[in-house]
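Residues per chain are reported as follows:
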Amino acid sequence: MPVLELKNIVKNYPDGENINEVLKDISFQVKKGEFAAIMGPSGAGKSTLLTIMGALLSPSSGTVLLNNQDISHFSKKQQTQLRLNEIGFIFQNSDLIPYLKISEQLQFIQKISNKKSTDAIAILKQLGLGHRLSSYPNALSGGEKQRVAIARAFINQPDLILADEPTASLDSKRGREVVQIIQETVHQQNKAAVMVTHDERILDLVDSIWQIEDGKLNKVNK
Ligand SMILES: Nc1ncnc2c1ncn2[C@@H]1O[C@H](COP(=O)(O)OP(=O)(O)O)[C@@H](O)[C@H]1O
Ligand SMILES: [Mg+2]
């Protein structure tokens, strides 16, 4: 059974007199322990697709199944609860809270969620951030910030990890390191993960590759 399954997803945005059909009949699935990549040109609808996967946006039509539960018609409140407990997000610019220390970035999530979480300090140390626990985000390099964002995404032991161009603000060496950490954590903890990326050089690190173009999503042979 897939952790996440999309069936016949359509997403339209109003565009003046017209409608912009960004996603046209998209189907997708990702299993436990699978790290999937979604590639495609700018404006193709990658972020739109990822926000639908993450219950941040509802599709115009189609079904989103998370652990076989249809979440496509969840209320805002149900969506918020789901995001907090079942989904970990990693964004392009890490989005850390400026006035919280690194350890507090994770403890904050532990506090507001009712989910059993892993040890925040232990996961930060595991990701090489043991010397940064009492630092504020502005003291960290881009790569370190993304590692904090990864730790934060995994802290509540979500089933699904979603990453939107997590390497876009990093040089290629740091970017590769970040994706390697995501890959190792996904495989070790047997999570399902979906990453949107532009970077073909990191595709050796993923288990499956999908290409979005003209509103359609196709699986690419690896
Ligand atoms: N909230 C929105 N309202 C209207 N149009 C949007 C909105 N978000 C994205 N779009 C449009 O949807 C298309 C896909 O955008 P996006 O999902 O951000 O693509 P990508 O992440 O692949 O660059 C673009 O044409 C964009 O202008
Ligand atoms: Mg995008």
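The name an unreviewed UniProt entry gives the protein is Putative hemin import ATP-binding protein HrtA, with Companilactobacillus paralimentarius DSM 13238 = JCM 10415 as the organism. Heading Sequence similarities (unreviewed entry) of the UniProt record for the protein holds this comment: "Belongs to the ABC transporter superfamily. HrtA family." The protein has a UniProt comment under Subunit (unreviewed entry) that states "The complex is composed of two ATP-binding proteins (HrtA), two transmembrane proteins (HrtB) and a solute-binding protein."

Engineer: Go over the packing of aromatic side chains with me, naming the residues and quoting the values.
Structural biologist: Inspection of the entire model under this criterion finds two aromatic pairs. Between Phe-28 and Trp-210 the ring centres are 4.7 Å apart and the planes differ by 55 degrees, which places this aromatic pair in the tilted class. In this pair, Phe-28 sits in strand S2 (residues 18-30) while Trp-210 sits in strand S9 (residues 208-213), placing the two residues 182 residues apart along the sequence. Exposure remark for Phe-28: the relative accessible area of 2% places this residue in the buried category. Here Trp-210 falls in the buried class, since its relative accessible area comes to 8%. For the ring pair Phe-89 and Phe-91, a centre distance of 5.7 Å and an interplane angle of 5 degrees mean the geometry is stacked.

Engineer: Tell me about the environment of Val-220, residues and numbers included.
Structural biologist: Checked against the element boundaries, Val-220 lands in strand S10 (residues 216-220). Using a relative accessible area of 33% as the deciding quantity, one classes Val-220 as partly exposed. Put simply, Val-220 and Ser-135 are 85 residues apart on the chain and 42 Å apart in space, counted from C-alpha to C-alpha. Apart from the residues lying within four places of it in its own chain, the contact partners of Val-220 are Ile-209, Trp-210 and Gln-211.

Engineer: Run through the site of ligand 1, naming residues and quoting values.
Structural biologist: Near ligand 1, the surroundings consist of Tyr-13, Asn-20, Val-22, Pro-41, Ser-42, Gly-43, Ala-44, Gly-45, Lys-46, Ser-47 and Thr-48. Between ligand 1 and Gly-45 there is a distance of 3.0 Å, counted from an oxygen atom to a backbone nitrogen or oxygen. One of the backbone nitrogen or oxygen atoms of Ser-47 is found 2.9 Å away from an oxygen atom of ligand 1. For ligand 1, the accessible surface in isolation is 560 Å², of which the surrounding protein chains cover 57%. Those elements that place two or more of their residues in the shell around ligand 1 are S2 and helix H1 (46-53). Considering every element that reaches the shell around ligand 1, the biggest residue donor is H1, with three residues.

Engineer: Describe unusual backbone geometry, and please don't skip the residues or the numbers.
Structural biologist: In the Ramachandran plot, Ser-94 falls in the positive-phi region, its phi being about 50 degrees despite a non-glycine side chain. Inspection of the secondary structure puts Ser-94 in the loop between strand S6 (87-90) and helix H3 (102-112). Phi at Gln-157 is positive, roughly 50 degrees, even though this residue is not glycine. The partly exposed category is assigned to Gln-157, whose relative accessible area is 26%.

Conventions adopted
- Residues numbered from 1 in each chain as written.
- Chains lettered and ligands numbered in written order.
- Predicted model: local features only at pLDDT ≥ 70, side-chain atom pairs only at ≥ 80, totals over all residues.
- Heavy atoms only, no water.
- UniProt positions renumbered as here; feature names shortened; annotations may be inferred.
- Phe/Tyr/Trp six-rings, centres within 6.5 Å; stacked < 30°, edge-to-face > 60°.
- Helix = DSSP H or I, 4+ residues; strand = E, 2+ residues; numbered from the N terminus.
- Buried < 20%, exposed > 50% of the residue type's maximum accessible area, 1.4 Å probe, protein only.
- Contact = heavy atoms within 4.5 Å.
- Near = heavy atom within 4 Å.
- Polar contact = N/O pair within 3.5 Å; in protein donor to acceptor, adjacent residues only side chain to side chain.
- Areas by Shrake-Rupley, 256 points an atom, 1.4 Å probe, with all protein chains shown as cover.

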